[in-house]
Amino acid sequence: MDPTQRAQLIARDKNNVWHPYTQMSLYQKGADPLLIVSANGARLREADGRSILDGNSSWWTSLLGHNHPRLVEALTHQARQLCHTSLGGVTHQPAIEFAESFAAVCPPGLGHIFFSDNGSTAVEAALKMAIQFWHQQPQQKPHKHEFLALRSAFHGETMGATALCDVGAFQAPFAAARRPATRVTSPADDLGRALDELEKQLRTRADHIAALIVEPLIQGAGGMKMYEPSYLLEARRLTEKYDVLLIVDEVFTGYGRTGRFWACDHAGISPDILCAAKGLSGGVLPFAATATSDRVFESFLGDRSRAFMYGHTFCGNPLGAAVGREVLKIYEDEHILEGTQERSRLIAASVERLAQLPNVHNARSLGMCGAVDLGSDGDYLSEIGWRVYERALASGAYLRPLGNVVYVAPPLNIPLPDLEELLCILEASVHEVLAG
Ligand SMILES: *Cc1c(COP(=O)(O)O)cnc(C)c1O
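Across its full length, the protein holds 15 helices and 16 strands. For the protein, whose C-alpha radius of gyration is 22 Å, the value lies close to the compact-globule estimate of 22 Å for 436 residues. With respect to the principal axes defined by its C-alpha atoms, the protein has extents near 65 × 55 × 45 Å. Counting all 436 residues of the protein, 53% fall into the buried class. Across the protein, the fraction of contacts at a sequence separation of at least 24, relative to all contacts at a separation of at least 6, is 71%. Entry remark: accessible area of the protein is about 19000 Å², with carbon and sulfur atoms responsible for 54%. In the protein, which carries 39 positive and 49 negative side-chain charges, the distance between the mean positions of the two groups comes to 4 Å.

Written as C-alpha cells, this is what we have:
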C-alpha cells in the first residue's frame, strides 16, 4: 500500500474507531498503530510491507496460524450454503457435527454443548447455568447463588463475568456496580494457602456458593500466572465433597495452549461446566461453547419453567460451527498437539535463559506459553513491558505485554524457524531494555 493511502486510513481510524483497553487521547496523538492488511501462518503483513511475527496469536485465538487454508475453505463453503439461522426450533448440520466432535474431545462426562459468541458469553452462560441449577434443585437451596473465584482471575468483560475478575486496571471504574464475589488465594501465589482458604470457604459457606470458577493452570490476562495441576485435583475433590459446582474457564488454556488439549487434562479431572472460545474457531470468527455434565443438564429437564432462559442471537451460527468442526479435524490430521512438544521445549529454554538476567523474575513456561516479570513493579499499567514491545516491534515481532509481564503465546503450529526468530527477538529485546 502506498504511504499516503496508509496515512489516510490511519487518520480515519483515529477519527472514528474507539479501540479497546486504550487511552484514546494518547492513541490519537501517538505513534501509528499497525495497519494489518493480511496474515499467514504466524506472520502479520503491515500495509508498509513489513512482516511481523504474531507473538500472541492475535489475542490468543489463531492457534492454527492465520488464514489456515482449510479454515478459509470451510468458511467460504459454508457461507455459500447458509450463513445464519437461529437455533430456535431450528437446527443445522454444522451445529450438530460440531457439538458432537466438541463433546468427543471434552473431558469425560461433558456431553451437552451450549453455544455462544465469545469467551465472556461462554462464562456468562456458565454462571447463569450454575445459579439456575441450584435454583431448581428439588430440595431447594435458595441461597446458593454466590461464586468463588481466584485472585488474579480474568473471566471476561460482561457484567457477570467481570464480577469474578481480579485485574485492577480492568475493574476499578466498575467496582461499585459489580455483583460481589468471594476471592480466594490463587495457587499461583501460594498453593498451600490457596487450598486452605478454599477448604475453609467450602466448609463454612457451601450453602451460599453455587460454584468455584478457575482458569486452569494459567491465569492469562492476570499476568500469565501458572500453577500446579495438584490444585485442580484438590479443587475437584473439595467441590464434590461440599457439593459446589466446578466451572473451568478454558477460554485461553484450551485447545492445546498448555501442551494437552485441555489444561484440565494435566490433572485428569472433569469439571461440571467447561467454557471454551478463542482457539475454538481458530481465530477465524467469534464462536464459543459451554459444555456441561449430565447432572447439570438434567436439572433443567421438566416443565417449561425449568428451561435455560438464555441465548444469543448468533448462538450456534453455522459459519462458526463449520469452522469449529474443521478446526478439530485439523488438530487430528496435522497432529497439532504432538507438534507442540518440540516447540514447547524451545520456549522453555528461552525463558530459562532470560531467568539468568538480573531484574527478570518468575520465569515460567507451560506448553506453548512462556512468560517473565520485569523489574519490581507489578502494575498492569507499568511502562517497562511497553519498552520491550517497542523494541521487539522494531525487530519484527508483536509482543504486546501484560503490564510488566512479557510473554509469548504463538500459534501452536508456528514454523520452527519463525519460533526461533520470535524467541531470539524476545530475548534481545528484554536484554536491551534492562540494560537501559
Ligand atoms: C479472553 C478470556 C475471556 C473472555 O473472552 P472474550 O472472547 O474476550 O470475551 C474469558 N476467560 C478467559 C480465561 C480469557 O482468557
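Across all of its chains, the model carries 23 salt bridges by this definition. For Glu326, the salt bridge goes to Arg70, with nearest N and O atoms at 2.9 Å. One end of the pair, Glu326, is in helix α12 (residues 318–333); the other, Arg70, is in helix α4 (residues 69–81), and 256 residues separate them in sequence. In this structure Glu326 comes out as buried when scored by relative accessible area, which is 13%.

Bringing the sheet that holds strand β16 (residues 405–408) into the picture now. Read from one edge to the other, the open sheet built from three strands follows the order β13-β14-β16, with strand pairing classed as antiparallel. In this open sheet, the two edge strands, each paired with only one partner strand, are β13 (360–366) and β16. Neighbouring strand axes in the sheet, compared pairwise and without regard to direction, differ in orientation by 15° on average. Alignment of strand β14 (residues 369–374) against β16, held across four bridges, turns out to be antiparallel. If you follow Val372 over to β16, its bridge partner there is Val406. Of the strands in this sheet, β13, β14 and β16 are in contact with helix α15 (residues 416–435), which crosses β16 at around 165°.

Okay, the nonpolar core next. Membership of the largest hydrophobic core comes to 97 residues, with the highest contact counts inside it found for Phe102, Met224, Tyr231 and Tyr255. Dropping the residues within four chain positions of it, Tyr255 is found in contact with Leu63, Phe98, Phe102, Phe261, Trp262, Gly279, Leu280, Val327, Leu328, Tyr331 and Leu412. Core analysis: the second largest hydrophobic core is formed by 28 residues, Phe133, Ile247, Ile273 and Ala288 among them.

This part is about the pairing of strand β4 (residues 110–116). β4 sits mainly inside the fold: five of its seven residues count as buried. With six bridges joining them, β4 and strand β12 (residues 288–293) adopt antiparallel strand pairing. Across the sheet, Phe114 pairs through a bridge with Thr290, a residue of β12.

The subject of this paragraph is the state of the cysteines. This structure, assessed with the given rule, holds zero disulfides. Free of any disulfide, Cys275 has its nearest neighbouring cysteine sulfur in Cys264, separated by 11 Å. Since its relative accessible area comes to 0%, Cys275 is described here as buried. Looking at Cys315, it has no disulfide partner, and the nearest cysteine sulfur is the one in Cys275, 15 Å off.

With that settled, the discussion passes to the sheet that holds strand β3 (residues 51–54). Spatially, β1-β2-β3-β15 is the arrangement adopted by the four strands of the open sheet, whose pairing is mixed. The sheet is open, and its two edges are formed by β1 (36–40) and β15 (397–398), each paired on a single side. Seen against the sheet, α15 touches β2 (43–46), β3 and β15 and runs at an angle of roughly 85° to β3.

Around the ligand lies a shell formed by Trp60, Asn118, Gly119, Ser120, Phe154, His155, Gly156, Glu215, Asp249, Val251, Phe252 and Lys278. For the ligand, an oxygen atom lies 2.8 Å from a polar atom in the backbone of Gly119. The contact in question runs from a nitrogen atom of the ligand to an N or O atom on the side chain of Asp249, over 2.7 Å. Look at the ligand: alone it shows 380 Å² of surface, and the protein chains cover 84% of it. Across the shell around the ligand, the residue classes break down as four nonpolar, five polar and three charged.

Moving on to the domain arrangement of the protein. Each assigned domain of the protein is listed with its residue range as follows: domain 1 (34–67 + 337–435) and domain 2 (70–333). Computed over C-alpha atoms, the centres of domain 1 and domain 2 are 27 Å apart. Across the contact, 25 residues belong to domain 1 and 30 residues belong to domain 2. Counting each side, the surface lost to burial between domain 1 and domain 2 is near 2200 Å², with a carbon and sulfur contribution of 73%. Of all residues in domain 1, the largest losses of buried area upon contact with domain 2 belong to Trp60, Leu64 and Leu366, amounting jointly to 31% of the total for that side. Linking domain 1 with domain 2 are zero salt bridges, by the criterion used here. Applying the counting criterion to the domain 1 and domain 2 interface returns seven residue pairs in polar contact (both at pLDDT 80 or more).

Taken as a whole, this structure holds 21 aromatic pairs when the rule is applied. Taken together, a centroid distance of 5.7 Å and an interplanar angle of 80° make the contact between Tyr21 and Trp59 edge-to-face. Of the two residues, Tyr21 is situated in the loop between α1 (3–16) and α2 (24–29) and Trp59 in helix α3 (residues 57–60); the sequence distance between them amounts to 38 residues. Note on Tyr21: relative accessible area 47%, which makes it partly exposed. We classify Trp59 as partly exposed; its relative accessible area is 38%. Between Phe261 and Tyr331 the ring centres are 5.4 Å apart and the planes differ by 70°, which places this aromatic pair in the edge-to-face class.

The rules we used
Residues numbered from 1 in each chain as written. Predicted model: local features only at pLDDT ≥ 70, side-chain atom pairs only at ≥ 80, totals over all residues. Heavy atoms only, no water. Helix = DSSP H or I, 4+ residues; strand = E, 2+ residues; numbered from the N terminus. Rg over C-alpha atoms; globule rule 2.2 N^0.38 Å. Buried < 20%, exposed > 50% of the residue type's maximum accessible area, 1.4 Å probe, protein only. Contact = heavy atoms within 4.5 Å. Areas by Shrake-Rupley, 256 points an atom, 1.4 Å probe, with all protein chains shown as cover. Lys, Arg positive; Asp, Glu negative; His and termini not counted. Charge placed at Lys NZ, Arg CZ, Asp CG, Glu CD. Salt bridge = Lys/Arg side-chain N within 4 Å of Asp/Glu carboxyl O. Pairing = 2+ DSSP bridges. Axes fitted to C-alpha atoms, helices over the stretch in contact; angles between N-to-C directions. Core = buried A, V, L, I, M, F, W, Y, C linked by side-chain atoms within 4.5 Å. Disulfide = S-S within 2.5 Å. Near = heavy atom within 4 Å. Polar contact = N/O pair within 3.5 Å; in protein donor to acceptor, adjacent residues only side chain to side chain. Nonpolar A, V, L, I, M, F, W, Y, C, P; charged D, E, K, R; others polar. Domains from an automatic or database assignment. Buried area = accessible area lost by both parts, 1.4 Å probe. Phe/Tyr/Trp six-rings, centres within 6.5 Å; stacked < 30°, edge-to-face > 60°.

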